[in-house]
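Given next are the chains, with one letter for each unit.
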Amino acid sequence: MFDAKTTCVVVVGAQWGDEGKGKLVDVLAERADFVVRYQGGANAGHTVVIGDKQFILRQIPSGILHRGVTCIIGNGVVLEPENLFAELDQLHQRGIDTTGRLFVSDRAHLVLPYHKLLDAASEKNQKLGTTGRGIGPAYEDKYGRRGIRVVDLRRVECARPLLTERVRRANQLLEMMGSNERADLDQHVELLERLAPKLTPLAADTGLMVHHAVREGRRVLLEGAQGALLDVDHGTYPYVTSSNTTSGGAAVGSGVGPTAIDGVLGVVKAYTTRVGNGPLPTEAESPYGERLRELGGEFGAVTGRPRRCGWFDATVVRYAARVNGLTGLAVTKLDVLDSFTEIPVGIGYRLAGKTCDEMPAEVDALSRVQPVYEIHKGWQEPTGAVRRLVDLPPAARAYLNRLEELSGVPVRYVSVGTRRDQIIEV
Ligand code: GDP
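Here the residue numbers are simple positions, counted from 1 along each chain's written sequence. At least 70 in pLDDT is required for a residue's local features to be given in this predicted model, at least 80 for side-chain atom pairs to be given and counted, and no such filter applies to totals for whole chains, interfaces and linings, which use all residues. To get the side-chain values, all heavy atoms of the structure are used, and hydrogens and water are removed first.

Caption draft 1: Main features of the overall build of the protein. Only DSSP runs of H or I reaching four residues or more are called helices, and only runs of E reaching two or more are called strands; each is numbered from the N terminus. Each helix and strand counted, the protein has twelve helices and 20 strands in total. Taken over the C-alpha trace, the protein has a radius of gyration of 21 Å; the compact-globule value for 426 residues is 22 Å, and the two agree within 12%. In terms of overall dimensions, the protein has a C-alpha envelope of 65 × 50 × 40 Å along the principal axes. For every residue, the accessible area obtained with a 1.4 Å probe (protein chains only) is divided by the maximum for its type, and the residue is called buried under 20%, exposed over 50%, and partly exposed between those limits. Going through the 426 residues of the protein one by one, you find that 58% of them count as buried. Excluding contacts between residues fewer than 6 apart, the proportion of contacts in the protein whose partners are at least 24 apart in sequence is 77%. Surface exposure here means Shrake-Rupley accessible area, sampled with a 1.4 Å probe, where a residue is shielded only by the protein chains that are shown. For the protein, the exposed area adds up to about 17800 Å²; of that, 49% sits on carbon and sulfur atoms. All tallies of charge rest on Lys and Arg as positive and Asp and Glu as negative; His and the ends of each chain are not included. Here the site of a charge means NZ on Lys, CZ on Arg, CG on Asp, or CD on Glu. Averaging the coordinates of the 52 positive side-chain charges in the protein and doing the same for the 52 negative ones gives two points 1 Å apart. Radius of gyration here uses only the C-alpha atoms, and the compact-globule reference equals 2.2 Å multiplied by the residue count raised to the power 0.38. Two residues qualify as a contact provided that any one of their heavy atoms is within 4.5 Å of a heavy atom in the partner residue.

Caption draft 2: Main features of the environment of Thr-164. Here Thr-164 is to be found in helix α5 (residues 159-176). Along the chain, Thr-164 and Leu-185 lie 21 residues apart, while their C-alpha atoms are 6.5 Å from each other. Within the structure, Thr-164 has its side chain in polar contact with the backbone oxygen of Arg-160 (distance 2.6 Å). Distance and chemistry together define a polar contact, namely a pair of N or O atoms within 3.5 Å, with one atom able to donate a hydrogen and the other to accept it when in protein, and with adjacent residues in sequence counting only for side-chain atoms on both sides.

Caption draft 3: Focus on the packing of aromatic side chains. Between 30 and 60 degrees the pair is tilted, below 30 it is stacked and above 60 it is edge-to-face, where a pair is any two Phe, Tyr or Trp rings, Trp via its six-membered ring, whose centres lie within 6.5 Å. Tallied over the entire structure, the rule returns three aromatic pairs. Judged by centre distance (5.7 Å) and plane angle (55°), the ring pair of Trp-379 and Tyr-399 falls under tilted. Here Trp-379 is found in the loop between β18 (370-377) and α12 (394-407), whereas its partner Tyr-399 is found in helix α12, with 20 residues between them in sequence. For the pair Trp-379 and Tyr-399, a shared accessibility class is recorded, and that class is buried. Each residue in the set Tyr-288, Trp-311 and Phe-340 is aromatic and connected to the rest through ring pairs, giving one cluster. Here, a charge over a ring is recorded when the distance from Lys NZ or Arg CZ to the ring centre is within 6 Å and its angle to the ring normal is within 35 degrees. Looking at Arg-291, its charged tip hangs above the ring of Phe-340, at a distance of 4.1 Å from the centre.

Caption draft 4: Representation of the pattern of salt bridges. Just to be clear on terms, a salt bridge is a Lys or Arg side-chain nitrogen sitting within 4 Å of an Asp or Glu carboxyl oxygen. Summed over the entire model, instances satisfying the criterion amount to 27 salt bridges. The shortest N-O distance in the salt bridge between Arg-218 and Asp-33 comes to 3.7 Å. Of the two residues, Arg-218 is situated in the loop between α7 (206-215) and β10 (220-227) and Asp-33 in the loop between α1 (21-29) and β2 (34-37); the sequence distance between them amounts to 185 residues. Take Arg-218: its relative accessible area is 33%, and that puts it in the partly exposed class. Of the charged contacts, one joins Asp-106 and Arg-107 as a salt bridge, the two residues approaching to 3.2 Å between their closest N and O atoms. For Asp-106, a relative accessible area of 11% gives the class buried. Judged by relative accessible area, Arg-107 falls into the partly exposed class, the value being 41%.

Caption draft 5: Highlighting the sheet that holds strand β11 (residues 263-269). The criterion for strand pairing is that DSSP finds at least two bridges linking the strands in question. Taking strand neighbours across the sheet as the criterion, the ten strands line up as β9-β7-β5-β2-β10-β1-β11-β15-β19-β20 in an open arrangement whose pairing is mixed. Each edge of the open sheet is held by one strand with a lone partner, namely β9 (203-204) and β20 (423-425). Sheet topology note: the β11/strand β15 (residues 328-332) ladder contains five bridges and is parallel. Among the inter-strand pairings, Val-267 is bridged to a residue of β15, identified as Ala-330. Each axis is a line fitted through C-alpha atoms, taken for helices only over the stretch in contact, and angles between the N-to-C directions span 0 to 180 degrees. Along the sheet, helix α8 (residues 247-254) makes contact with β1 (8-13), β2, β10 and β11, crossing β1 at roughly 120°.

Caption draft 6: Structural view of the site of the ligand. Taken together, 17 residues form the shell around the ligand, and within it Gly-20, Lys-21, Gly-22, Asp-335 and Ser-415 come nearest. A distance of 2.8 Å separates an oxygen atom of the ligand from a polar atom in the backbone of Gly-20. At the level of elements, α1 and β3 (46-50) are the ones that each hand at least two residues to the shell around the ligand. A total of three residues in the shell around the ligand trace back to one element, the largest contributor, which is α1. For the shell around the ligand, a count of residues per class yields two nonpolar, eight polar and seven charged. Think of it this way: one heavy atom of a residue within 4 Å of a molecule or strand is enough to make that residue near it. The classification used treats Ala, Val, Leu, Ile, Met, Phe, Trp, Tyr, Cys and Pro as nonpolar, Asp, Glu, Lys and Arg as charged, and all other residues, Gly among them, as polar.

Caption draft 7: The nonpolar core, seen in detail. Counting 68 residues, the largest nonpolar core has Val-220, Leu-222, Leu-292, Leu-334, Leu-337 and Tyr-399 as the members making the most contacts within it. Among the elements that make up this core, the one with the highest residue count is helix α10 (residues 314-324) (seven residues). The contacts of Leu-337, once residues within four sequence positions are left out, are Ala-270, Tyr-271, Leu-292, Ile-343, Trp-379 and Tyr-399. Nine residue types can take part in a nonpolar core, namely buried Ala, Val, Leu, Ile, Met, Phe, Trp, Tyr and Cys, and a core is a set of them joined through side-chain atoms within 4.5 Å. Grouped together as the second largest cluster of nonpolar side chains are 58 residues, Val-9, Val-35, Leu-163 and Leu-195 included.

Caption draft 8: Seen up close, the packing of helix α2 (residues 81-93) against helix α6 (residues 185-199). Between α2 and α6, whose axes approach to 11 Å, the crossing angle comes to 45°. Between α2 and α6, the interaxial angle falls into the category oblique. Regarding α2 and α6, the two cross each other, and that crossing is left-handed. Only Leu-191, Arg-194, Leu-195, Lys-198 and Leu-199 of α6 make contact with α2, whose side of the interface consists of Pro-81, Glu-82, Leu-84 and Phe-85. Considering only residue class, the contact of α2 with α6 consists of six nonpolar, no polar and three charged. We call two directions roughly parallel when the angle between them is under 35 degrees, roughly antiparallel when it is over 145, roughly perpendicular when it lies between 65 and 115, and oblique otherwise. Should the near helix be turned anticlockwise from the far one by less than a right angle, the crossing is left-handed, and should it be turned clockwise, the crossing is right-handed.

Below, the structure is given as structure tokens:
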């Protein structure tokens, strides 16, 4: 992905998240100087397997597992500080030194306990299938211009005046929503006072750091969380996340201009999954959905929730290619399809008897579309040991060629297993 002309690359999920971006970023981070998270919060949950160790990183970029890489949590992220330190402790316990390699944007907003209470109360009423980590309410506060940012911790003596109005407002909302929970002001003040001395040493003008890195031709990876169909603007609204997951969000959320970005790699599974509520047109019928879930280990990294599973949906990926400006595709979990005799691929939709080639804006229309399938012959051979495209079974190559053709984006990587070395570079 990186070459002389391509030094700043965005990696995004091009379906509904959980595409295996964590592993891809981990492989690419080996060649990067900087890895930047630009949106989302502790709801991300990348799983990376190195040797026999499994790491679940929610906020810290997985690039942290590589010694020479500087990791940044950008201004577009909403940061859950206690979770950040728990993650750091875990890394330190496993012997990973993060000294001088992890920075948090001074402009990033904080997720505080009252955000979690609000999230739980609103999920009870709205049922969007959120992870309940307070991400949505923290973004609401950011756009409502009443957020608390990392930079505010530099003047921790202002914690009480800053928090008084926010906690009062949160409690009013909780009451309105019929919740019996209440946020406690003293607890929040104590939390900020306790966090300030730990967090402020990590705080920096990270936009400036990324800017310098790009100008110096350092290799910069901007790491997205979730996927295109969960983008607040382009996703299946309202069953979306609260931030821009697509590549445009990478510029805003890391603090550089869009002209700094040289390439956008979209990560897709060789099939489709979705966690939470909302339509999934190519959802597989029983027993295929269960089989995909079992073989692919499709359970949420953060919540353990079983994911809904279905076939590759070309309409989704074509759409993701357009709204992200994808320049390359990474297809993951090809190995999960190894044992299937037939593999359907959704090539389009029919809606009310008419062809529908583009993603409809109404979520209701998407839940009514009929997918049009093309049936591919399975290869029925293990692919986990393959490292070159030419060594894949012909039916697997034909399958990948078809995905490339349908999505209009060249396949650059194929992942054939959970391990870092189980990857084919095209
Ligand atoms: P992310 O948030 O997009 O990184 O996705 P998750 O980490 O939630 O889910 C990816 C899961 O799939 C993890 O358990 C990975 O170890 C696993 N995974 C990634 N790539 C592959 C692959 O090519 N084959 C298989 N079988 N598992 C994979």
